[in-house]
Amino acid sequence: MTARDFKQRLLPFYKLLYRVAYRLTGNAQDAEDLLQDTYLKLWQKRDELADEAVTQAYLVTLMRNLFLDQRRRKRIDTSADIDKTEPPDEQSLDRQIDTRDEAETMEQLIRQLPERDGNIVQMHLVEGRTYDEIEQDTGLSQGNIRIIVMRARQKLKQQFQKLTTIWTN
């Protein structure tokens, strides 16, 4: 089999094999390595492969066996649930970026609050401290702290909504 024949027959399975490799390994880098090893093994056996042998089932089985061999040899950590692992897609990456941007924006809005209110909101909402702990640190009553947090939340929500409407228009 020539290199051209190899590419024409086996490269169309690239995306399928990558998804399988990602499911087996649980991360993109190991999946790429496994995919490369699979294609290397296929290249080495290119003259022995019968036309009927090059099917999805054959390729997936070959990859799975390579993975199991590597795992036995290297003792790769497979503690992640293989069946539930999905390769990253554009939507999840976009969502991660959006979430990070929203968190940064919220931090900026918290810094714009009056110093006392910002500190209390930071302690309660970001650090997860209880009203009792904040009372001990600030000397304010828990009732005052609750009111400050409630008003700050309302103000932050309004400011955030204003920013998001500006971004989306």
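Residues numbered from 1 in each chain as written. Predicted model: local features only at pLDDT ≥ 70, side-chain atom pairs only at ≥ 80, totals over all residues. Heavy atoms only, no water.

A. Representation of the nonpolar core. Ranked by internal contacts, the top residues of the largest apolar core, which has 22 residues, are Leu10, Leu17, Leu34, Tyr39, Leu42 and Met63. Secondary structure elements with two or more residues in this core: helix H1 (3–10), helix H2 (14–25), helix H3 (28–44) and helix H4 (56–74). Setting aside chain neighbours within four positions, we find Leu34 in contact with Ala21, Leu24, Thr25, Met63, Leu66, Phe67 and Gln70. By size, the runner-up hydrophobic cluster in this structure holds 8 residues, among which are Ile120, Tyr131, Ile148 and Val149. (Core = buried A, V, L, I, M, F, W, Y, C linked by side-chain atoms within 4.5 Å. Buried < 20%, exposed > 50% of the residue type's maximum accessible area, 1.4 Å probe, protein only. Helix = DSSP H or I, 4+ residues; strand = E, 2+ residues; numbered from the N terminus. Contact = heavy atoms within 4.5 Å.)

B. Broad picture of the side chain of Gln70. Topologically, Gln70 is positioned in helix H4. According to the relative accessible area criterion, Gln70 is buried, its value standing at 11%. Within the structure, Gln70 has its side chain in polar contact with the side chain of Asp37 (distance 2.5 Å). (Polar contact = N/O pair within 3.5 Å; in protein donor to acceptor, adjacent residues only side chain to side chain.)

C. View of the pattern of salt bridges. A complete count under the given rule lists 3 salt bridges for this structure. In this structure, the salt-bridge partner of Glu127 is Arg129, at a minimum N-O distance of 3.5 Å. Note on Glu127: relative accessible area 45%, which makes it partly exposed. For Arg129, a relative accessible area of 23% gives the class partly exposed. (Salt bridge = Lys/Arg side-chain N within 4 Å of Asp/Glu carboxyl O.)

D. Focus on the packing of H2 against H3. One way to put it is that H2 packs onto H3 with a least axis distance of 8 Å and a crossing angle of 125°. Judged on the interaxial angle alone, H3 and H2 are oblique. In the packing of H2 onto H3, the handedness of the crossing is right-handed. When H2 is examined against H3, the residues Tyr14, Leu17, Tyr18, Ala21, Tyr22, Leu24 and Thr25 are found in contact with a partner set consisting of Ala28, Asp30, Ala31, Glu32, Leu34, Leu35 and Tyr39. By residue class, the composition of the contact of H2 with H3 is 11 nonpolar, 1 polar and 2 charged. (Axes fitted to C-alpha atoms, helices over the stretch in contact; angles between N-to-C directions. Parallel < 35°, antiparallel > 145°, perpendicular 65-115°, else oblique. Left-handed = near helix turned anticlockwise from the far one by under 90°. Nonpolar A, V, L, I, M, F, W, Y, C, P; charged D, E, K, R; others polar.)

E. Representation of the environment of Lys45 within the structure. Relative to the assigned elements, Lys45 resides in the loop between H3 and H4. The exposure class assigned to Lys45 is partly exposed, which follows from its relative accessible area of 32%.

F. Quick look at the confidence of the model for the chain. This prediction gives the chain a mean pLDDT of 81; 85% of its residues lie at or above 70. For the chain, per-element mean pLDDT is lowest for helix H5 (residues 90–112), which scores 77, and highest for helix H7 (residues 131–138), which scores 89. (pLDDT = per-residue confidence, 0-100.)

G. Structural context of the packing of aromatic side chains. Across all of its chains, the model carries 1 aromatic pair by this definition. With a centroid separation of 6.2 Å and an interplanar angle of 40°, the aromatic rings of Tyr18 and Tyr22 are classed as tilted. Residue Tyr18 and its partner Tyr22 are located together in helix H2, separated by 4 residues, close to a single helical turn. Here the two residues Tyr18 and Tyr22 agree in accessibility, since each one is buried. Over the face of the ring belonging to Trp43 we find Arg46, whose NZ or CZ atom lies 3.8 Å from the ring centre. (Phe/Tyr/Trp six-rings, centres within 6.5 Å; stacked < 30°, edge-to-face > 60°. Lys NZ or Arg CZ within 6 Å of the ring centre and 35° of its normal.)

H. A look at the side chain of Thr25. Tracing the backbone through its elements, the reader meets Thr25 in helix H2. Of note is the side chain of Thr25, whose polar atom sits 3.3 Å from the backbone nitrogen of Ala31. The residues contacting Thr25, other than those within four sequence positions of it, are Asp30, Ala31, Leu34 and Phe67.

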